[in-house]
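Breakdown of the fold
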Amino acid sequence: MEREGVVPDYIDGIRVTDAKTLQIARSVFMEENLKLVGALEKLGTRARPITSGVFTADYLDKDKYGLVGRITKVDKRPLEAAIRAGALPILTSLAESPEGQILNVNADIAAGELAKELEPMKIVFLNDKGGLFHGVTGEKLDVINLDEDFDNLMKESWVKYGTKLKLREFKELLDYLPRSSSVAVISASSLQKELFTDSGAGTLIRRGYKLFKHSSIDAIGADRFRQVVHDRDPEVLAGLQSVTGVLTDLNKTPYTIYGDEPLDVIAVVSHPEGEIPVMTKLLASRNGVLNNVTDNVFNAIKKDHRKLFWTTHAEDDNRAWHFERADGSFTRAGRSLFWYGVQDVAEVERTIKDFEAKGRIERSFLPVGPAAQRSSPAGAAAPSGAKSYSTLARRVPGSSREYATSATDGPVSTEIKRVGLIGARGFTGQALTTLLSNHPHIDLTHVSSRQLAGYPLTGYTKHSIDYTNLSHEDVEQLEKSGEVDAWIMALPNGVCKPFVDAVDRGSAERKSGEKSVIVDLSADYRFEKGWTYGLPELYGRDSIRASKRISNPGCYATSAQMLIAPLIKHVGGLPTVFGLSGYSGAGTLPATDPDGRPTTVPKVTPESLKHGVKPYALTDHIHEREAGFHLSGLLPTGTAPLKIAFVPAVTPWFSGIISTASIPLNGKLTAAEVVAKFKETYEGNKLVKIIKDVPQLPDIENKHTWVVGGFQVHSAGDRVVVVGGLDNLLKGAATQCMQNLNLALGYDEYTGIPLD
């Protein structure tokens, strides 16, 4: 610009761009773009220059700024074409108006608009400094959690001019993207480290969540707190303590609960007046660990308490995290005791003795005197595979972000387990037989059908097995003798209870006292206390792992709940779900094949439907009540139960449900925000597939996944319509049963399930 005699002119920090300025800028951009492409090619990286066709813009203010644009549209097709061809797309920050006029656009803003379209996990901005730095201390800001830190940062005297503008831009960008997205500000030399290692570099910026602290569980909702304890507390999962016992202990001393809004992390600190505080609970979900919410909560505790003691299991996979945050520790009788803020060993000893005298920490945790044996209920043991994840916390050399987290599946069993299937004649029973035949650790030892007794089971290839007609007494005896580890009840509604009672009687007489697992596919126990509702994508895995009695959700109810759950906090009226199901969902009738063998035929046929659809059960369908009942558990305590309207119809195709949900909103949302909420809710769930278009029957039929797409928001912004689909015999029944059975038996959740 200087060489060409152009004097820069800025208004409001924006360069005024006339025709000559734009001509020079375009020439420089093209030249630098090609230099970058050439340099990458020399390094063996295929690259493609894309200098136009991506950004469409209107004039920002033609009279004021000249040829400066405001981006109105991003076309990602040129980028996708380059990536499909194996080339890295290299862009320039130039746009075209609808009339074809080239316009200058801010490069950071262009990157942000592109990110909104692509919804990446990470957006990297390069600067010479290698991050953002505190204006007073000069220290690099390692992590900024915008929900918690933004308002305070903007009030800092040193946050001004470019820094303030950047922070605003980052916030506006991340507010638009899924909560899992983040921004990294680094130097060019650290780019490889940021992208390809877990140590990171520079400044990491993410939305995070606002933290809270309350002196009563009522402030966060007693039911929500109980659910967290029920699902995550290792003492509860191992049967060493009940949820009621946890709540009783909680009220023995003054306490503060720390956490984040979605309760990904909950910590409880007991702090009687004049005594050193004890962190009695630290319960984190997988998201809480991976997104460093645990660190944020712990830092909030440190701000309030100069001294703190806490304990963990000695075999806790995350012990390194605790060691890094403690000034001292010791392990005794299977427990590790940690503390910070106390440097004198004599004070530690005095504190521990005081805790012992007042019962604030169990005797077996202490280093003085003989260790007491912890008592536990007879037969109680931690359920196999009770941990859904483990974390590896370590100091990362050369990184100011001290800990890297690695998500893995927890310990899983490979022990062979024996399963009995009662009610194997129908379509669901046949689907279950196929899945069980492909399961590496399950042996199907008993299969019961009154009509097929004596005939060989087809579709099971591990070994030959004949149908039997098990009576209630037979089931009781098999359970008593310990010959079956799990029962699958694939019976019609209202028929299951006598078999469940028989299992209960048999298990009561088992020498081990250990019950077999029951997974019931009927609707009989979906509202029963003492039974776990088995929809792991919404209500968690830990409770299923710890349960012996699991009710499998209904097919329509599964899809309805998964359609509504991501928007549960935004529902502003009566959601309506219209479900179309293949005729296999209408049930079966016994029949005889030409060879005289009993067989199964559908109750409803395409011919009886005249190849049309037939709505039925227009009000009060049991899945309507089921979906509303369980979704209400996701609402804050004191909120009125959620009701939904559900209308089913049977169709002339064999299997597959397509459900369309119309959900009124209590505030405006965009389609992109709706999609982000679904992605956030179902991140990491292998049997959930999110697509752009409306799911069609080929996306669903004979597939083990739940598919959702067709996201639309009414022009007024007050109503969302979204479409979900599943195969009613698989994810709506047999596949979901296999997920629940795997979790309850300690296997990996997806063992034996083909992942489409």
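What counts, and at which threshold
Residues numbered from 1 in each chain as written. Predicted model: local features only at pLDDT ≥ 70, side-chain atom pairs only at ≥ 80, totals over all residues. Heavy atoms only, no water. Core = buried A, V, L, I, M, F, W, Y, C linked by side-chain atoms within 4.5 Å. Buried < 20%, exposed > 50% of the residue type's maximum accessible area, 1.4 Å probe, protein only. Helix = DSSP H or I, 4+ residues; strand = E, 2+ residues; numbered from the N terminus. Contact = heavy atoms within 4.5 Å. Salt bridge = Lys/Arg side-chain N within 4 Å of Asp/Glu carboxyl O. Pairing = 2+ DSSP bridges. Axes fitted to C-alpha atoms, helices over the stretch in contact; angles between N-to-C directions. Expected span 1.5 Å × (residues − 1).

**Overview of the nonpolar core**
If you look at the biggest cluster of nonpolar residues, it comprises 38 residues, and the most contacted ones within it are Ile564, Leu642, Phe678, Tyr682 and Trp706. When contributions to this core are tallied by element, the ones reaching two or more residues are helix H18 (536-539), helix H20 (555-564), helix H21 (622-631), strand S31 (657-664), helix H22 (671-682), strand S33 (706-713) and strand S34 (719-726). It is H20 that contributes the most residues to this core, 7 residues altogether. Here Tyr682 is in contact with Glu537, Leu538, Gln561, Met562, Ala565, Pro566, Val688 and Trp706, once residues within four sequence places are set aside. If you look at the next biggest cluster of nonpolar residues, it comprises 36 residues, including Val419, Ile442, Leu444 and Ile465.

**What about the pattern of salt bridges?**
All told, the structure shown has 30 salt bridges when counted by the stated rule. Put simply, Asp354 and Lys358 hold a salt bridge, and the shortest N to O gap is 3.5 Å. Residue Asp354 and its partner Lys358 are located together in helix H14 (residues 345-358), separated by 4 residues, close to a single helical turn. Residue Arg510 is joined to Glu479 by a salt bridge in which the shortest nitrogen-to-oxygen separation is 3.7 Å. Here Arg510, found in the loop between helix H17 (497-508) and strand S23 (517-520), pairs with Glu479, found in helix H16 (residues 472-480); they are 31 residues apart in sequence, far enough to count as distant. Residues Arg510 and Glu479 agree in their burial class; the two are buried.

**Comments concerning the sheet that holds strand S25 (residues 549-551)**
Read across the open sheet, the 6 strands follow the order S21-S20-S22-S23-S25-S24; overall the sheet is parallel. Edge positions in the open sheet fall to strand S21 (442-448) and strand S24 (532-533), since each of these has one partner strand only. In this sheet, S25 lies alongside S23 in parallel orientation, the contact comprising 3 bridges. Paired with Asp520 across the bridge in S25 is Ser551. The sheet strands contacting H17 are strand S20 (417-422), strand S22 (486-489), S23 and S25, and the helix crosses S22 at an angle near 170°.

**Observations regarding the environment of Ile564**
Secondary-structure assignment places Ile564 in helix H20. For Ile564 and Val577, which are 13 residues apart along the polypeptide, the C-alpha to C-alpha distance reads 9.3 Å. With near-sequence residues (within four places) excluded, Ile564 lies in contact with Val571, Pro575, Val577, Leu631, Leu642, Ile644 and Ile663.

**Some words on H22**
The end-to-end C-alpha separation of H22 is 17 Å, in line with the 16 Å expected for 12 residues at 1.5 Å each. Looking at H22, one finds that the buried residues are Ala672, Val674, Val675, Ala676, Phe678 and Tyr682. Packed against the buried residues of H22 are helix H6 (161-176), H18, H20, strand S32 (688-690), S33 and S34. In the stretch just after H22, Gly684 is the one whose phi turns positive, near 85°.

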